[in-house]
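Per-entry structural report
What follows is the residue order along each chain.
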There are 2 protein chains.
Amino acid sequence: MSTAAEINDIEEGLAFRPKFDAAGLVTCVATDAATGEVLMVAHMNDEALRKTIASGEAWYFSRSRNALWRKGETSGQTQRVVEMRLDCDQDAVWIRVEQRGAACHTGRRSCFYRKVEAGEGGAQLSFVDAERLFDPKAVYRK
Amino acid sequence: MSTAAEINDIEEGLAFRPKFDAAGLVTCVATDAATGEVLMVAHMNDEALRKTIASGEAWYFSRSRNALWRKGETSGQTQRVVEMRLDCDQDAVWIRVEQRGAACHTGRRSCFYRKVEAGEGGAQLSFVDAERLFDPKAVYRK
């Protein structure tokens with residue numbers, strides 16, 4: 001448990017003290033600096049966070065590949081960071097980015113291309129943006 | 001590991017199959033439906049997700065209190081959900097909301113009230129929005 005003074009430092013202070021989870025990660029939300037659309041939700045470890053701040057390009061940590069990853073290093077779909085913000089308890093980061101092309105590995109502009117709506121037999125999805133800006137099969141050749 | 005067909009179902013299908021983590025949670029990003037500003041990043045378990053979809057009001061799961069929580073139940077600062085979206089691999093939710101008052105427990109409109117900038121001796125924070133819309137001491141009386 002943190003003391004009230006420690007919590008106050010984290011919430012009201014100007015020291016950058018990101019609170020990493022047990023896996024050493026913070027959550028990062030990337031939005032389109034021009035439109036406000038949420039492009040993706042991913043994770044950063046300490047190194048990804050430092051590289052992002054130093055370079056002005058988004059770096060993440062891939063949980064599935066267990067590896068540091070510069071956004072766009074395979075696909076060319078890079079993210080230039082216009083502004084980075086940190087939340088009250090310093091465990092989530094918001095970056096406003098200029099997205100080159102598509103943020104999503106499916107080739108779509110945003111990962112959030114489907115909406116959720118209540119239906120008769122439970123919630124259902126529908127596409128709000130099905131368009132692919134690149135062909136993932138051509139970009140991510142194995 | 002998932003097969004290619006399973007991944008295709010999750011990413012391209014219309015079935016709502018949220019992928020909860022080991023703690024039974026998905027990440028939820030709430031943005032202001034009017035301005036696109038990120039208000040908060042929090043978590044939902046299956047029940048919070050179902051209640052949010054059914055009621056049109058945001059419910060979350062608090063990891064620190066280990067409890068289901070209707071946003072605004074103590075503070076009155078509720079969130080009406082205008083649209084809910086799900087990301088490609090169905091482990092993150094984006095809700096566009098009409099926020100009553102302030103989303104942050106510190107009394108600020110958004111939890112992301114400080115920005116991060118590179119400095120001489122490492123990253124530094126600065127306030128972009130210090131204004132409190134309510135007094136947390138008065139609202140969260142213990």
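No experiment lies behind these values; they were computed from the predicted model shown.

1. Digging into the overall build of chain A
Counting its secondary structure elements, chain A contains three helices and eight strands. In chain A, the order of α-helices and β-strands from amino to carboxyl end is α-β-β-α-β-β-β-β-β-β-α. Principal-axis analysis of the C-alpha atoms gives chain A an extent of 50 × 40 × 30 Å. Taking all 142 residues of chain A together, 49% fall into the buried category. Sequence-distant contacts in chain A: of pairs separated by 6 or more residues, those separated by 24 or more amount to 41%. Accessible area of chain A: about 7100 Å², with a carbon and sulfur share of 48%. Counting 20 positive and 21 negative side-chain charges, chain A places the centres of these two groups 9 Å from one another.

2. What about the sheet that holds strand E8 (residues 124-127) of chain B?
Strand pairing within a sheet occurs via backbone hydrogen bonds; the two strands may be parallel or antiparallel. Here we have six strands laid out as an open sheet, ordered E2(A)-E1(A)-E6(A)-E5(A)-E7(B)-E8(B), and mixed in their pairing. Whereas interior strands pair on both sides, the edge strands pair on one side only; in this sheet they are strand E2 (38-44) of chain A together with E8 of chain B. Taking the axes of each pair of neighbouring strands and ignoring which way they run, one obtains an average angle of 35 degrees across the sheet. Bridge count between strand E7 (residues 114-117) of chain B and E8(B): four bridges; the pairing is antiparallel. By the bridge assignment, B:Glu117 is partnered in E8(B) with B:Gln124.

3. Observations concerning the interface of chain A and chain B
Across the boundary between the two partners, chain A contributes 45 residues, which contact 45 residues of chain B. Both sides together, the interface formed by chain A and chain B hides about 3900 Å², and carbon and sulfur atoms give 60% of it. Here chain A and chain B share eight salt bridges between them. Here A:Arg132 makes a salt bridge to B:Glu12, at a shortest N to O gap of 3.4 Å. Joining chain A to chain B, the criterion identifies 30 residue pairs in polar contact (both at pLDDT 80 or more). Put simply, the parts of the chain that give the side of chain A that touches chain B at least two residues each are helix H1 (4-12), strand E1 (26-32), E2, strand E5 (79-86), strand E6 (92-99), strand E7 (114-117) and strand E8 (124-127) of chain A. Its residues placed into classes, the side of chain A that touches chain B shows 24 nonpolar, nine polar and twelve charged.

4. Points about the sheet that holds strand E6 (residues 92-99) of chain B
Taken in spatial order, the six strands of this open sheet run E8(A)-E7(A)-E5(B)-E6(B)-E1(B)-E2(B), and their pairing is mixed. Both edges of this open sheet fall to E8 of chain A together with strand E2 (38-44) of chain B, since each of them pairs with a single strand only. Each strand of the sheet is rotated relative to its neighbour by a mean of 35 degrees, with strand direction disregarded. Bridge count between strand E1 (residues 26-32) of chain B and E2(B): six bridges; the pairing is antiparallel. Bridged to B:Val29 within E2(B) is B:Val41.

5. Focus on the pattern of salt bridges
Residues and elements named next belong to chain A. What the rule picks out here adds up to 20 salt bridges over all chains. Note that Glu83 and Arg96 form a salt bridge whose closest N and O atoms lie 3.5 Å from each other. One end of the pair, Glu83, is in strand E5; the other, Arg96, is in strand E6, with 13 residues separating them in the sequence. Overall, Arg96 belongs to the partly exposed group, its relative accessible area being 25%.

6. Quick look at the side chain of B:Arg114
Tracing the chain through its elements places B:Arg114 in strand E7. As a buried residue without a salt bridge, B:Arg114 has its nearest oppositely charged side chain in A:Asp87, at a separation of 6.4 Å. Looking at B:Arg114, its side chain comes within polar contact range of the main-chain oxygen of A:Gly13, at 2.8 Å.

7. Describing unusual backbone geometry
Phi angles above zero are rare outside glycine, and A:Asn66 is one such case at about 50 degrees. Topologically, A:Asn66 is positioned in the loop between strand E3 (59-62) and strand E4 (67-70). Among the residues examined, A:Asn66 registers a relative accessible area of 60% and is labelled exposed. Backbone geometry at B:Gln90 places phi at a positive 60 degrees, although glycine is not the residue there. With respect to the secondary-structure elements, B:Gln90 resides in the loop between strand E5 (79-86) and E6. Residue B:Gln90 is classed as buried on the basis of its relative accessible area, which comes to 0%.

Conventions we followed
- Residues numbered from 1 in each chain as written.
- Chains lettered and ligands numbered in written order.
- Predicted model: local features only at pLDDT ≥ 70, side-chain atom pairs only at ≥ 80, totals over all residues.
- Heavy atoms only, no water.
- Helix = DSSP H or I, 4+ residues; strand = E, 2+ residues; numbered from the N terminus.
- Buried < 20%, exposed > 50% of the residue type's maximum accessible area, 1.4 Å probe, protein only.
- Contact = heavy atoms within 4.5 Å.
- Areas by Shrake-Rupley, 256 points an atom, 1.4 Å probe, with all protein chains shown as cover.
- Lys, Arg positive; Asp, Glu negative; His and termini not counted.
- Charge placed at Lys NZ, Arg CZ, Asp CG, Glu CD.
- Pairing = 2+ DSSP bridges.
- Axes fitted to C-alpha atoms, helices over the stretch in contact; angles between N-to-C directions.
- Buried area = accessible area lost by both parts, 1.4 Å probe.
- Salt bridge = Lys/Arg side-chain N within 4 Å of Asp/Glu carboxyl O.
- Polar contact = N/O pair within 3.5 Å; in protein donor to acceptor, adjacent residues only side chain to side chain.
- Nonpolar A, V, L, I, M, F, W, Y, C, P; charged D, E, K, R; others polar.

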